[in-house]
Amino acid sequence: MTGVTWEELVFAEAPNSLVELHPGGLQVIPVRLFGLLILALGLACGPAHAERRVALVIGNSAYKSAPKLGNPVNDATLVGGMFKKAGFDSVDVRLDLNATEMRRMLREFAGRTRDADMAVIYYAGHGIELDGNNYLIPTDATLETDGDVLDETIPVERALFAVEPAKQLRLIILDACRDNPFAKTMKRTLASRAIGRGLAKVEPTSPNTMIAFAAKAGSTASDGDSKNSPFAIALVEHLPKPGLDLRKAFGFVRDDVLKSTGYKQEPYVYGSLGGDDVPLVAAKPAATGPQANPQDAIRRDYELALQLATRDAWEAFLAQYPEGFYANLAKGQLNKIAAEETRASAEQKAKAAEQEKTRLVAERAQKAEQDKAAAAAKVAEEARTAAEKQKQIEQARTEAAEQQRKVAEAAAAKAQAEKQAAEKAKAELAARRAAEKTLAEQTAKQTADRQLPEAESQKVAALAPVPASALSAVDLAKSVQSELRRVGCLSATADGDWSAASQRSLMLFNKYAGTQFDVKLASVDVLDALKAKPGRVCPLVCNFGFKADGDQCVKITCRAGYRVGDDNECEKEKKPVATREDSRRRDTERKATESSPSKPEASGQIFCSSAGCRPVQKGCRLVNGIIAGRVPSNAAAGGSYEVCN
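Residues numbered from 1 in each chain as written. Predicted model: local features only at pLDDT ≥ 70, side-chain atom pairs only at ≥ 80, totals over all residues. Heavy atoms only, no water.

## Quick word on the overall build of the protein
A tally of helices and strands in the protein yields 17 helices and 20 strands. Across the 645 residues that make up the protein, the buried fraction comes to 31%. Counting only contacts in the protein whose residues sit at least 6 apart along the sequence, the fraction spanning at least 24 positions is 60%. (Helix = DSSP H or I, 4+ residues; strand = E, 2+ residues; numbered from the N terminus. Buried < 20%, exposed > 50% of the residue type's maximum accessible area, 1.4 Å probe, protein only. Contact = heavy atoms within 4.5 Å.)

## Some thoughts on the environment of Ser499
Considering the arrangement of structural elements, one finds Ser499 in the loop between α14 (473–486) and α15 (500–513). Classification of Ser499 by relative accessible area gives partly exposed; the value is 29%. When the C-alpha positions of Ser499 and Ala477 are compared, they lie 9.9 Å apart, and in sequence the two are 22 residues distant.

## Thoughts on α15
Because an α-helix completes one turn every 3.6 residues, residues spaced three or four positions apart along the sequence face the same direction. An ideal rise of 1.5 Å per residue puts 20 Å on 14 residues; α15 measures up with 20 Å between its terminal C-alpha atoms. For α15, the set of buried residues is Ser502, Ser505, Leu506, Phe509 and Asn510. Taken around the axis of α15, the buried residues stretch over an arc of 145°, which confines them to a single face. Exposed side chains of α15 directed beyond 90 degrees from the buried face belong to Arg504 and Lys511. Residues of α15 that are buried make contact with α14 and α16 (524–531). (Expected span 1.5 Å × (residues − 1). Arc of directions from axis to C-beta.)

## A look at the packing of helix α10 (residues 295–308) against helix α12 (residues 325–362)
Running from amino to carboxyl end, α10 crosses α12 at an angle of 10°, the nearest separation of the two axes being 10 Å. Viewed along their axes, α10 and α12 adopt a mutual orientation that is roughly parallel. Here α10 contributes Gln295, Ile298, Arg299, Tyr302 and Leu306 to the contact with α12, which in turn contributes Tyr326, Leu329, Ala330 and Gln333. (Axes fitted to C-alpha atoms, helices over the stretch in contact; angles between N-to-C directions. Parallel < 35°, antiparallel > 145°, perpendicular 65-115°, else oblique.)

## Some remarks on the pairing of strand β11 (residues 209–213)
With respect to burial, β11 is a largely interior element, 5 of its 5 residues being buried. Neither face of β11 is exposed, since Thr209, Ile211 and Phe213 on one face and Met210 and Ala212 on the opposite face are all buried. Relative to β11, strand β9 (residues 169–175) runs parallel, the two sharing 5 bridges. Each residue of the ladder has a partner; that of Ile172, found in β11, is Ile211. Relative to strand β12 (residues 268–272), β11 runs antiparallel, the two being bridged by 5 bridges. (Pairing = 2+ DSSP bridges.)

## Details of the sheet that holds β12
Judged by pairing direction, the sheet is mixed, and its 6 strands sit side by side in the order β4-β3-β5-β9-β11-β12 without closing on themselves. The open sheet terminates on both sides in strands that have one partner only, identified here as β4 (90–95) and β12. This sheet shows a mean twist of 10° between the axes of neighbouring strands, independent of strand direction. Along the sheet face, helix α4 (residues 99–112) touches β3 (53–59), β4 and β5 (118–124) and points at about 170° away from the line of β3.

## Here's the deal with the state of the cysteines
With the rule as written, the count across this model stands at 2 disulfides. Across a sulfur-sulfur distance of 1.8 Å, Cys489 and Cys538 are joined as a disulfide pair. Linking Cys489 and Cys538, the disulfide has an S-S dihedral of approximately 90° and is accordingly described as right-handed. Placement of the pair is Cys489 in the loop between α14 and α15 and Cys538 in the loop between α16 and β13 (546–549), with a sequence separation of 49 residues. Summarising the burial analysis for this pair, Cys489 and Cys538 share the class buried. The disulfide partner of Cys558 is Cys570, and the S-S distance across this bridge is 2.0 Å. The disulfide joining Cys558 to Cys570 has a torsion of about -85° about its S-S bond and is therefore left-handed. Taken together, the residues Cys558 in the loop between β14 (552–555) and β15 (562–564) and Cys570 in strand β16 (residues 570–572) connect sequence positions 12 residues apart. (Disulfide = S-S within 2.5 Å.)

## With respect to the environment of Leu199
Mapped onto the fold, Leu199 is located in the loop between β10 (195–196) and β11. Overall, the relative accessible area of 2% leaves Leu199 in the buried class. In sequence terms Leu199 and Leu174 are 25 residues apart; their C-alpha atoms lie 9.4 Å from each other. Not counting chain neighbours up to four residues away, the residues in contact with Leu199 comprise Gly127, Ile128, Glu129, Asn134, Leu174, Ala176, Cys177, Phe213, Ala217 and Gly218.

## Quick look at the confidence of the model for the protein
Looking at the protein, pLDDT values average 81 and 81% of them are 70 or higher. Here residues 1–48 is modelled with pLDDT under 50, and outside its nearest four sequence neighbours on either side it reaches 31 contacts, counting other chains as well. With pLDDT under 50 throughout, residues 451–469 is counted as low confidence; its partners more than four residues away or in other chains account for 10 contacts. (pLDDT = per-residue confidence, 0-100.)

## Looking at the packing of aromatic side chains
All told, the structure shown has 10 aromatic pairs when counted by the stated rule. Plain terms: the ring middles of Phe83 and Phe88 are 5.0 Å apart, the flat faces sit at 50° to each other, and that makes the pair tilted. Residue Phe83 is classed as buried on the basis of its relative accessible area of 0%. The class of Phe88 is buried, set by a relative accessible area of 8%. (Phe/Tyr/Trp six-rings, centres within 6.5 Å; stacked < 30°, edge-to-face > 60°.)

## Let's talk about empty space enclosed by the protein
Tallied over the full model, the rule gives 1 cavity of 30 Å³ or more. Every residue lining the largest cavity is listed: Ile58, Met102, Leu106, Ile121, Tyr123, Leu136, Ile154, Pro155, Arg158 and Ala159. Those elements that provide at least two residues to the lining of the largest cavity are α4, β5, β8 (154–155) and α6 (156–163). (1 Å grid on protein atoms, 1.4 Å probe; cavity = no way out; pocket = protein on both sides within 12 Å on 5 of 7 lines; lining within 4 Å. Points joined across faces, edges and corners; volume = space filled by probe spheres on them.)

Structure, rendered in structure tokens:
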């Protein structure tokens, strides 16, 4: 044993074992135990435990004291299926709940959120706003008075309380901004109590909490023409996209609902999240090896739309791909089609004006009418020429864009090929280095406490949003007019003609909103400022005898004994008080009556003679006795006779 170290002896005695150096000396570890240790470390360094996600879905349609709603039950079923397909751990779908059932479901759901990372509540049905607070209406509510709201409904704060225990995300989605029939029939116990349209704005106090409304605060939502509302359809389309941040997903939902409702309904989200992306469904792991170009599918759809070359085809393409290089090309194609339509319309108007001119000349109309028709024809011809030039410009732009597209596609294909070749070479180099490293580790028999390299997490780079193309002048004016109508500053229809009435309405908006926009034109800045206003800006002006109720003027009704006063408020009726002038007038009328001679009237006496009985004549009276020693010839049997004045 001379010349042999103790460590060499250990290795010779334990050829199928590994040696680990400890402060107290060397320890022998069997190879099988070492393999199990490596497996345990690998599992410990693997992906974290999946997040626990729970959802509660409620849809109320069959109201006992209001007309039945068609969509909430369908919407709740659709959204509940979306959560189940998204892999939620618990999805509870409940339909047509009364007040007791809704409170019980929220209480049970609060228990499930205590060990959850993400908690979501979706409610579809009627809701009401009272004095700035929002309430969800069960199916058995009657709401005869405004005081019944506190007893028969569920406050939104109760839903916030139910999702509060969740650790990472608390989300409430309210598809309850419909036109509420209860608010129209409800009796007010206090005239100053406010009951608004839709729901009121909510600012959550808990962190990582979001509340999504189907429509902006103070406005109502549409059920749409299908069995599901536009809001529910957009939610199912965008929320379950893997890796898509909720803020961006709700932005896509807003865009879809605005388009489907003709820019009448705008969903809104209240609350805030941190700087990290918060997707409802986690992103799928990135695939290894060469990947297909993600633009290939978009390019194929673009070429198909290019073959059709119709407005419907390009609008369908933009609905599928709202952003990106091909979206800009599609918008250019739409501009080209719009220019052609404008040119055709202008040409038709010019032809109609020319025909009108010919008719006036044929009928020998007055010279003024002929001049007017000639001027209209000239204006129409100029418009047609301008439209033709605009069409040529758009044609040139489209051709340039197509050329740019082809060059970009060629460059992208070349870059993709180079990237795949580089990735392949990199993968081969990494494999060779890994093999060399493994061989070196086996040869050197290094100690087992070396830390395993951690895998670098891959982040999906978010594409920078491409700015949308500018609206045309007519569309921009029409959008500004629609927003002016929404904030109560314009009563005329939104026709795209920036007339004097539209300029006056923008002047009113400047006055009450504190802005200084140029009223002579409709700009993008004006549109952005209008969209930033959540509700009415210009006050509602009502005539005498009427008062403002929401966005309408209603007639003032006073109870018995009261009337509408000069200040447009109910006041008690005053009894007439006699004045000195009235007393003077009565005395004058009495003296005039007493001084005038009395009219002869019948005495009511009956005169009877041999000829019969009759009433005493007017101005006469009946007298008994003898006149001048004899009885008058007209005396009656009893000696009475008639004496006249």
